[in-house]
Amino acid sequence: MSRPLVSVIVPVFQCRDTVGGALESVFAQTLPAERIEVIAVDDGSTDGGGELLDELARAHDQLTVVHQPNSGGAGAPRNRGLELASGEFVFFLDSDDRLGPEALERMTAMAERNGTDIVLGKQVGTGGRKVPRVFERTIERTHVLDPDCDLFPRMSMAALQLFRRSLVEREGLRFSEGLLSHEDQLFTAGAYLAASGVSVLTDYDCYYWAARTDGSSATQVGGAPPAEVHAIAHRAMSLVARYTEPGELRERLHYRYLLLEVFGMLEQRYLPASREGREIILKGCRDLLDTWLTPGLLELYDPRRRVFAHCLREHLNEELAEVLRFHRSGTPPGIRIDGGRTYLKYPFFRDASVGVPDACYESREPVRVRHDLTALSWADDALRLTGEFLLHDVDEAAPLLHLVLENGAGASHRIECQVTSSVRDEKGLAVTYTASFLPAPGSWADGRWTATVEAEVGGLTLTAPVVKPRGFAMPRAAVVQADGRWHLVRPLSPHERKRLTLEVGGALKPTDFQDVRISQARGRRLRVMADPPPTLPSGGSPAMTIVLRRSNEGGGEIRTGLEHGPGRRSHRYADLSVARARPGVWRASFEIDGMGGPVSTRMPEGTGRLGPLTASLLPPRRVYVRLDESPLAVHVTSPLNTRARRALGLITPRRKGTE
């Protein structure tokens, strides 16, 4: 009989309800059954799990069952399984987890394809189980000692992976025995350091990792004692030191151990511990820091852990407990910005009686900021912008704010903001401000300018883009004079949550003339009134014209200037005489000198029509306007011509209500 390709080793203790599903996931593999050897080691179960294993072994020739007295952890049964394994590869499966059907076939193929000794297949958490964040992308071949490999600090040390058995035997790798947790730390670390290469398979769900619903797993009930955990961490860090020189690579690999077994243990197990338990934890943590914590490694940790480390090394036990209580409360530390540096204000920050260095509190993370645009309008010959700039968790500062507008050519304008209020609350420091400016062409080149708010606080510059809130009404375009010319300045209306942009020197749009109305005026004229774009600064204004163009054959044009309207200073009007207009449809448009060509005149929604009105007696002309027609059109008719053509049968009788 040929040697199996892979040996699956399953430690079993008190898992009768789940071990059957775990083994069935192995029996259902797409890899042929004769290529899989299954070794289940019953570690003294008393729930009937051992008897169930014997039943399954009678039904599956590939399953070997071993019974032994309880050893106190998964390490001893796994070691017993290794003694019996004969496959080219070994895979460790916990008795309450399961494999995806193609897992072993895909992982062994990946190892053979790349010549790697370890394949870390994608793990999926079930029942609320969290999995390592190392499965963003498939990696055909890497090594934890490669300068650009970040696998070691991010992965779990659980041995639930595929290992080449020759690596295990060559390095004499075995599991720590008699421990409820951490039994696989030295095995997995030793394998990764000594492997010829490692593969990561992320395009298939290989391993379904369960959390027991009754909370009875080893890690859920507390795991190994702190002294044992610290002893294993010390041995693991010594193992790393055998493979690396002092410096950046060793510090990157050591990072995980102090993070989990020193700082993590303090956060999870120190405060609830007895006085004696606390002393054991403190001693183990201090020993690890004194042996392995270098200045370069200390810099890799966040401020909270740096404060922990200082308190530990300086025997500030009461202060350490206070910082831990603050962390457990869930209250975020305030932020102090000073001298261009950011500090997280954990307890005892700049407390001279304790003397924790500022460097322990310094944060390398950027301060989180948010900007909310609350108002934007033309007012007092300027564009006025109002907003709120929030500095998250900052509790003491006096920021200086500027509105910065930039174009794509590298030019920019900085407008100082007037701070109207500064309020501190549970979110941080909320600064309300107003900025007023006139984007005057000349100094503002034609084109698009995007807006950002810049806050200068404590020697640090923080920025946030100005974006359009959901449902925010943008102001209309305005006409601005500069260098003897008139230009259009338009706040663009982007999609929701997009950058606020100003367009300088753009063209007119039909919607720039608002509130268009048409009525009958004296002298058989039509009065057109509209609200044009505001002119800034107030005083002079460019010439504005309404233009009628005949759309029928032969064309024609009538131009009439718009004047300031009576009573409503913002409006302009023109009285149109169409006495000499030939019959036909005359389309109306507005024009502003220097703003490009005319734009069609948009009527507000309406019904019915204006007229018919008599435009002239000789020759007789009649005029009407459809109020529901947009763009605006003036219809000029000749009653005599219409009757003559109807009499000759050249046109059909008109419908009632038309001319």
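Counting of residues starts from 1 at the beginning of each chain's written sequence and follows it residue by residue. Reporting in this predicted model follows two pLDDT cut-offs: at least 70 for local features of residues, and 80 or more for side-chain atom pairs to be given and counted; totals over whole chains, interfaces and linings ignore these cut-offs and use all residues. To get the side-chain values, all heavy atoms of the structure are used, and hydrogens and water are removed first.

Caption draft 1: Structural context of the packing of helix 9 (residues 248-270) against helix 10 (residues 275-292). At a minimum axis separation of 11 Å, helix 9 and helix 10 run at an interaxial angle of 160°. Our classification of the angle between helix 9 and helix 10 gives roughly antiparallel. Classified by chirality, the crossing of helix 10 by helix 9 is left-handed. Together, His254, Leu258, Glu261, Val262, Phe263, Met265, Leu266, Arg269 and Tyr270 of helix 9 and Arg278, Ile281, Leu282, Cys285, Leu288, Leu289 and Trp292 of helix 10 make up the contact between the two elements. To define axes, lines are fitted to C-alpha atoms, for helices over the stretch in contact only, and angles between the resulting N-to-C directions are given on a 0 to 180 degree scale. Each helix corresponds to a stretch of at least 4 residues labelled H or I by DSSP, and each strand to a stretch of at least 2 residues labelled E; elements are numbered beginning at the N terminus. Between 65 and 115 degrees an angle is taken as roughly perpendicular, under 35 as roughly parallel, over 145 as roughly antiparallel, and anywhere else as oblique. Should the near helix be turned anticlockwise from the far one by less than a right angle, the crossing is termed left-handed; should it be turned clockwise, right-handed. Any pair of residues with heavy atoms lying within 4.5 Å of one another is described as a contacting pair.

Caption draft 2: Focus on the pattern of salt bridges. Whenever a carboxyl oxygen of Asp or Glu lies within 4 Å of a side-chain nitrogen of Lys or Arg, that contact is scored as a salt bridge. According to the stated counting rule, one finds 41 salt bridges in the structure shown. For Asp393, the salt bridge goes to Arg368, with nearest N and O atoms at 3.8 Å. Of the two residues, Asp393 is situated in the loop between strand 14 (382-392) and strand 15 (394-396) and Arg368 in the loop between strand 12 (362-363) and strand 13 (369-379); the sequence distance between them amounts to 25 residues. Residues Glu629 and Arg587 are paired through a salt bridge, measuring 3.7 Å at the closest nitrogen-oxygen approach. Highlighted residues: Glu629 in the loop between strand 35 (621-626) and strand 36 (633-637) and Arg587 in strand 32 (residues 584-592), separated in sequence by 42 residues. On the accessibility criterion, Arg587 (37% relative accessible area) is partly exposed. Throughout, exposure labels follow a simple rule: accessible area from a 1.4 Å probe, protein chains only, divided by the maximum for the residue type, with under 20% read as buried, over 50% as exposed, and the rest as partly exposed.

Caption draft 3: Layout of the nonpolar core. Each nonpolar core is a collection of buried residues, namely Ala, Val, Leu, Ile, Met, Phe, Trp, Tyr and Cys, held together in the definition by side-chain atoms within 4.5 Å. Grouped together as the largest cluster of nonpolar side chains are 122 residues, with contacts concentrated most on Leu258 and Leu403. Element by element, the count of residues in this core is highest for helix 9, at 9 residues. Excluding anything up to four places from it in sequence, Leu403 contacts Leu385, His413, Arg414, Ile415, Cys417, Ala435, Phe437, Ala451, Thr452, Val453 and Val466. Residues Leu53, Met107, Leu162 and Tyr207 belong to the second largest nonpolar core, which totals 37 residues.

Caption draft 4: View of the side chain of Ser95. On the secondary structure map, Ser95 appears in the loop between strand 4 (89-92) and strand 5 (98-99). Under the rule applied, a polar contact is a pair of N or O atoms within 3.5 Å (in protein, one hydrogen donor and one hydrogen acceptor; residues adjacent in sequence only if both atoms are side-chain atoms). At a separation of 3.4 Å, a polar atom in the side chain of Ser95 contacts the main-chain carbonyl oxygen of Pro11. If we ignore the near neighbours within four places in the chain, the residues touching Ser95 are Val10, Pro11, Val12, Cys15, Thr18, Val19 and Ala22.

Caption draft 5: Representation of the environment of Tyr433. Within the secondary structure, Tyr433 is located in strand 19 (residues 428-437). Classification of Tyr433 as buried rests on a relative accessible area of 0%. Excluding its chain neighbours within four sequence positions, the residues that come into contact with Tyr433 are His371, Leu385, Thr386, Gly387, Glu388, Leu401, Cys417, Gln418, Val419, Thr420 and Val453. Looking at Tyr433, its side chain comes within polar contact range of the side chain of His371, at 2.5 Å.

Caption draft 6: Layout of the packing of aromatic side chains. By convention, a stacked pair of Phe, Tyr or Trp rings (six-membered ring in the case of Trp) has centres within 6.5 Å and planes under 30 degrees apart, an edge-to-face pair has planes over 60 apart, and any other such pair is tilted. As enumerated under the stated definition, the model contains 16 aromatic pairs in all. Each ring, one from Phe349 and one from Tyr361, has its centre 5.2 Å from the other, and the planes form 75°; the classification is edge-to-face. Highlighted residues: Phe349 in the loop between strand 11 (341-345) and helix 14 (358-361) and Tyr361 in helix 14, separated in sequence by 12 residues. Tyr361 sits in the buried class, given a relative accessible area of 0%. Joined through ring pairs, the aromatic side chains of Phe92, Phe163, Phe175 and Phe187 make up one cluster. The side chain of Arg78 reaches across the aromatic face of Phe175, ending 5.2 Å from its centre. Of note, Arg256 hangs over the ring of Phe152, and the distance from its end group to the ring centre comes to 5.8 Å. Two thresholds decide whether a charge sits over a ring: the Lys NZ or Arg CZ must be within 6 Å of the ring centre and within 35 degrees of the ring normal.

Caption draft 7: Quick look at the sheet that holds strand 14. Following DSSP output, two strands are said to pair if at least two bridges run between them. An order of 13-14-19-18 is seen for the 4 strands of this open sheet, with the pairing classed as antiparallel. The open sheet has two edge strands with one neighbour each: strand 13 and strand 18 (418-425). Ignoring strand direction, the axes of neighbouring strands in this sheet form an average angle of 15°.

Caption draft 8: Focus on helix 9. The sharpest bend along helix 9 measures roughly 40° and falls at Gly264. When you tally the buried positions in helix 9, you get 17 out of 23 residues, the bulk of the element. Note that bend, as reported per residue, equals the angle between axes fitted to the 7 residues terminating at that residue and the 7 residues originating from it.

Caption draft 9: Spotlight on the sheet that holds strand 12. With mixed pairing, 4 strands are arranged side by side in an open sheet as 12-11-10-15. At either margin of the open sheet sits one strand with a lone partner, and together these are strand 12 and strand 15. Here strand 11 pairs with strand 12 via 2 bridges, running antiparallel. Its bridge partner lying in strand 12, Thr342 is registered against Ser363.

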